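# Structural overview for review
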Amino acid sequence: MKRTGVFYHDVCGKEAYSSLAMGVEAGFQSIRKEGLFSQPNVTWFESEPATEEQIARLHSREWIDHVKQTQWWRVSLYSVGGMIGATEKVLTGEIDNALVIAGVGGHHAHRDSAWGGCYFSVIGLGIPHARAKSLGKRFAIVDTDTHHADGVRDLYQNDEDVLHICFCDAFSGIYNADDRMESKTKFCFPHGSSDEEEIGNVVREVPGRIKEFKPELIFWLCGMDTHQDSYGTAALTENAYPGLAKIIKQTADEYCGGRLIVKTCCNAPPHATSYAIPRIVDCLAELGKY
Ligand SMILES: [Zn+2]
Ligand SMILES: [Zn+2]
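A quick note: this is a predicted structure, and the numbers were derived from the prediction, not measured. (Residues numbered from 1 in each chain as written. Chains lettered and ligands numbered in written order. Predicted model: local features only at pLDDT ≥ 70, side-chain atom pairs only at ≥ 80, totals over all residues. Heavy atoms only, no water.)

This paragraph deals with the coordination of the zinc ion (ligand 1). For the zinc ion (ligand 1), the full set of protein donor atoms is D145 (OD), H147 (ND1) and D225 (OD), at a range of 1.9 to 2.1 Å. Residue H147 is classed as partly exposed on the basis of its relative accessible area, which comes to 24%. (Donors = N, O, S within 2.8 Å, 3.2 Å for Na, K, Ca; no water. Buried < 20%, exposed > 50% of the residue type's maximum accessible area, 1.4 Å probe, protein only.)

This part takes up the coordination of the zinc ion (ligand 2). Ideal geometry at a metal gives 109.5 degrees between four tetrahedral donors and either 90 or 180 degrees between six octahedral ones. The protein atoms donating to the zinc ion (ligand 2) are H148 (ND1), C166 (SG), C168 (SG) and C188 (SG), with metal-donor distances spanning 2.1 to 2.5 Å. For the zinc ion (ligand 2), the 4 donor atoms in the first shell make angles of 103 to 119° at the metal, a pattern classed as tetrahedral. When the donors of the zinc ion (ligand 2) are listed by position in the chain, the intervening gaps give H-x17-C-x1-C-x19-C. Comparing C166 with C168 shows no difference in burial state: the two are buried. (Tetrahedral: all angles 85-135°; square planar, octahedral: opposite > 155°, others 65-115°.)

Here we take up helix α4 (residues 61-68). Three or four residues apart is the spacing at which side chains of an α-helix point the same way, because the helix has 3.6 residues per turn. Those residues of α4 that fall on the buried side of the exposure criterion are W63, I64 and V67. Buried residues of α4, viewed axially, fall in a sector of 100°; they line one side. The inward-facing, buried residues of α4 contact α3 (52-55) and α5 (73-92). (Helix = DSSP H or I, 4+ residues; strand = E, 2+ residues; numbered from the N terminus. Arc of directions from axis to C-beta. Contact = heavy atoms within 4.5 Å.)

Before going further, it helps to examine the pairing of strand β5 (residues 162-167). Across the 6 residues of β5, 6 count as buried, placing the element largely inside the fold. Across the two faces of β5 the burial is the same, with V162, H164 and C166 and L163, I165 and F167 all buried. Between the parallel pair strand β4 (residues 139-143) and β5, the chain is carried across by helix α7 (residues 150-155), and the sense of this crossover is right-handed. As paired strands, β5 and strand β7 (residues 186-189) are joined by 4 bridges and run parallel to one another. Each bridged residue has a counterpart across the sheet, and for I165 the counterpart in β7 is F187. (Right-handed = clockwise from strand over helix to strand, strands pointing away. Pairing = 2+ DSSP bridges.)

One open sheet accounts for 9 strands, arranged β2-β1-β3-β9-β8-β4-β5-β7-β6; its pairing is mixed. Looking along the sheet, the strands with just one partner apiece sit at the ends: β2 (42-46) and β6 (181-183). Pairs of neighbouring strands in the sheet enclose a mean axial angle of 15°, with direction left out of account. The pairing of β6 with β7 spans 2 bridges and is antiparallel. Bridged to S183 within β7 is K186. Across the sheet, helix α2 (residues 24-33) touches β1 (4-8), β2 and β3 (97-101), and the angle it forms with β1 is around 145°. Set on the sheet, α5 makes contact with β1, β2, β3, β4, β8 (217-221) and β9 (260-264); between it and β3 the angle comes to about 180°. (Axes fitted to C-alpha atoms, helices over the stretch in contact; angles between N-to-C directions.)

Most of β3 sits inside the fold, with 5 of its 5 residues counted as buried. Covered by surrounding structure in β3 are N97, L99 and I101 together with A98 and V100, the residues of both alternating faces. Inspection of the sheet shows β3 paired to β9 by 5 bridges, in the parallel sense. Of the residues in β9, the one forming a bridge with V100 is K263.

What follows concerns the nonpolar core. By size, the foremost hydrophobic cluster in this structure holds 95 residues, and its most contacted members are I31, I101, F120, I218, F219, W220 and I261. The greatest single-element share of this core, amounting to 10 residues, is contributed by α5. (Core = buried A, V, L, I, M, F, W, Y, C linked by side-chain atoms within 4.5 Å.)

For S134, which is not a glycine, the phi torsion comes out positive at approximately 55°. Along the polypeptide, S134 turns up in the loop between α6 (126-132) and β4. S134 gets classed as exposed once you look at its relative accessible area, which sits at 66%. Of note in the backbone geometry, C266 takes a positive phi value of approximately 50° without being a glycine. Tracing the backbone shows C266 in the loop between β9 and α11 (270-285).

Let us look at the environment of W44. Topologically, W44 is positioned in strand β2. Considering only alpha carbons, one finds W44 and R32, 12 residues apart in sequence, at a separation of 9.6 Å. Among all residues touching W44, those that are not within four sequence positions of it are V6, Y8, F28, R32 and F37. Polar side-chain contacts of W44 include one of 2.9 Å to the backbone oxygen of Y8. (Polar contact = N/O pair within 3.5 Å; in protein donor to acceptor, adjacent residues only side chain to side chain.)

Structure follows, in structure tokens:
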């Protein structure tokens, strides 16, 4: 069995950007209700707030000062802090893999601007932290949220040690893989219109590229706005997320020592997140409960 960490702070549930991240608290509480924290290999680590120095590794001082004036400052700090804690614990080997439950998005955050419920690059900030501590250099980011990860793509555009595989509609109508590739480490692929098609797309596009790239850690942005009751593609049921988790975890186990961090801001209604989140933890920790 794998040692799995869940990173969450109550601020992320209580102060979530709730018009998008509507299922945060229900998602976390469902892990508890399902009794998964009583398993010896599943541990809740209360997320600590990120420091301004950590955030300044990717964002401008002006943007940090701007976010500080908003109601999303505290929840942003705890969301990024959860990612930084998870990155450090997975790369030092204290745990094998992790789930980070954030109260805000992150993939639309650029160096000095952001949109769509994003303020700072939550996954993006894990990378300079790992590098600053000499814990890793090469990373893969798999993004299955509905929308194009314009912020992450912008921040890592010229970094060939970051493989970015984004499922989105940025190149809709273009199905030739070469035409959907911005460079040999930056790709976009279309979403599926059903659970089977979405999972099939990930099976086709992700494991082979991870195998070839050889990252030290995979970050998976498990966007849930693809759920049929959310505001994105509205194509998937709650069963899709544990299905995607299985493929991506298997890929991490085969090609990067199992090192995997799943980030979600639970951007689907509570009934969907409270079904999917415990099943993702079950998959990560190899509990076999469901
Ligand atoms: Zn989205
Ligand atoms: Zn994209």
